[in-house]
Structure formats: structure tokens, C-alpha cells
Amino acid sequence: MPNNAIAKIVLAPNRFLVVLIIAGFIAAVASLNIISIAGRSCDGYRTDQTVEIFDIKLKTEKAKTVADQQKGLGGRECIAPDQAMLFELGVSGKNCFWMKNMRFSIDIIWLDSENRVVHLEQNVNPNTFPKTFCPKSDAVKVLEIQAGQAKNLNIELGGKLSL
């Protein structure tokens, strides 16, 4: 009997060590998952062209069809700081936008035929739907970017973007 007691005492620290290693492994995996959620990749975007704003290049997906334009960024999980969606509307006008099915805030930039900023809405929240956002002046293109990027990139009314 005394030999068993000694065996149990010797095994107990080993079990503790195994449990400690497993717990550490679980914590490490969990922290990686948290990091990947916080810094998640915004995959699923095409790069149809590059938009350059003060030497910063944005990988830009064009909303090519009417259906694409109506959907816009709706249903997507996120947009990265170096991504954008471009709407080439074809006809100059006061084209309004909404936040239907959006899951994140964005900046919306209306451009004229010379790519000058004619209107800007910043940090537009998904909870604003069904409200529409309309430019004060006619625009022929609209660029949607990550919320806060217009400020970060010093985009202002009258500024010209390189498309």
C-alpha cells in the first residue's frame, strides 16, 4: 500500500503539468481566434481598379450592374482600410444611398465627372436604414470606404481623387 501512495504522489505533479499544458494550449488557441476576429480579413472583394488618394492606393471593386449597385456593400462582414467600392452611375444627378443590410459603418463620397468631391457623408451607421443619404450637388460616381478613412486620408469637399 505505501508503494501505491508514493506512485500517486509522483503521478499527481505529472497530471498537474499535463493539465497546465493543455490549459495553456487552449488559451493560446482562444487568443489567436480573438486576434483574428479583431483584425479580421475582409476577403471576398474583387479588385477591378485602384483608386489613389494622396499616394494611398485603395483596391476598388466596381458595382457594375444595377443589382450590384442596389446591394452595394450590404451583407458583407467588413471593409478593410485599403478597400473601396465604386459606383459609376452613368448619369449625373443627386443619387441617394442607403445602408440596407449593412453590418459596418462607412464613409460615402460623391464625385462629379472630373472626380471632384461634391458631397461627403462620414461614419454612416447601419442603424440609419431606411434613411437615405443624398448629395447636395449632382454626382456621377460614388466611392464607399471604411468609416473614418475620409478623415484619415484628408478627403474634403472640392478635393480631386485619382480614379
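Thresholds, definitions, all that
Residues numbered from 1 in each chain as written. Predicted model: local features only at pLDDT ≥ 70, side-chain atom pairs only at ≥ 80, totals over all residues. Heavy atoms only, no water. Phe/Tyr/Trp six-rings, centres within 6.5 Å; stacked < 30°, edge-to-face > 60°. Lys NZ or Arg CZ within 6 Å of the ring centre and 35° of its normal. Helix = DSSP H or I, 4+ residues; strand = E, 2+ residues; numbered from the N terminus. Buried < 20%, exposed > 50% of the residue type's maximum accessible area, 1.4 Å probe, protein only. Contact = heavy atoms within 4.5 Å. Core = buried A, V, L, I, M, F, W, Y, C linked by side-chain atoms within 4.5 Å. Pairing = 2+ DSSP bridges.

> Which residues make up the packing of aromatic side chains, and what are the values?
Here a ring pair, both rings aromatic, is described through the centre-centre distance and the interplanar angle of the planes. Summed over the entire model, instances satisfying the criterion amount to three aromatic pairs. One cation-aromatic arrangement involves R76 over Y45; the distance from NZ or CZ to the ring centre is 4.4 Å.

> Could you give an account of the environment of V91, naming the residues involved and the relevant values?
Tracing the sequence through the fold places V91 in strand β3 (residues 83-93). V91 gets classed as exposed once you look at its relative accessible area, which sits at 61%. As for V91 and S113, which are separated by 22 residues in sequence, their C-alpha atoms are 9.6 Å apart. Residues contacting V91, with those up to four places away along its chain left out, are A139 and V140.

> I'd love a proper account of the nonpolar core, names of residues and values included.
Counting residues in hydrophobic clusters, the biggest one holds 21 residues, and the most contacted among them are L73, F104, I106, I108 and W110. Elements with a minimum of two residues in this core: β3, β4 (106-111), β5 (117-124) and β6 (139-146). By size, the runner-up hydrophobic cluster in this structure holds 15 residues, among which are L143, I145, L153 and L161.

> Give a description of the pairing of β4 that names residues and reports values.
Burial analysis of β4 places six of its six residues in the buried class, the great majority of the element. Residues I106, I108 and W110 point to one face of β4 and D107, I109 and L111 to the other, with burial holding for every one of them. Here β4 runs beside β5; their pairing, made up of five bridges, is antiparallel. Looking across to β5, one finds that I108 is bridged to E121. Linkage of β4 to β5, two consecutive antiparallel strands, is achieved through a turn of five residues, within which N115 is found at a positive phi near 65°. Where β4 and β6 come together, six bridges link them in antiparallel fashion. For I109, the partnering residue across the bridge sits in β6 and is L143.

Distances and angles like these do not, on their own, reveal function.
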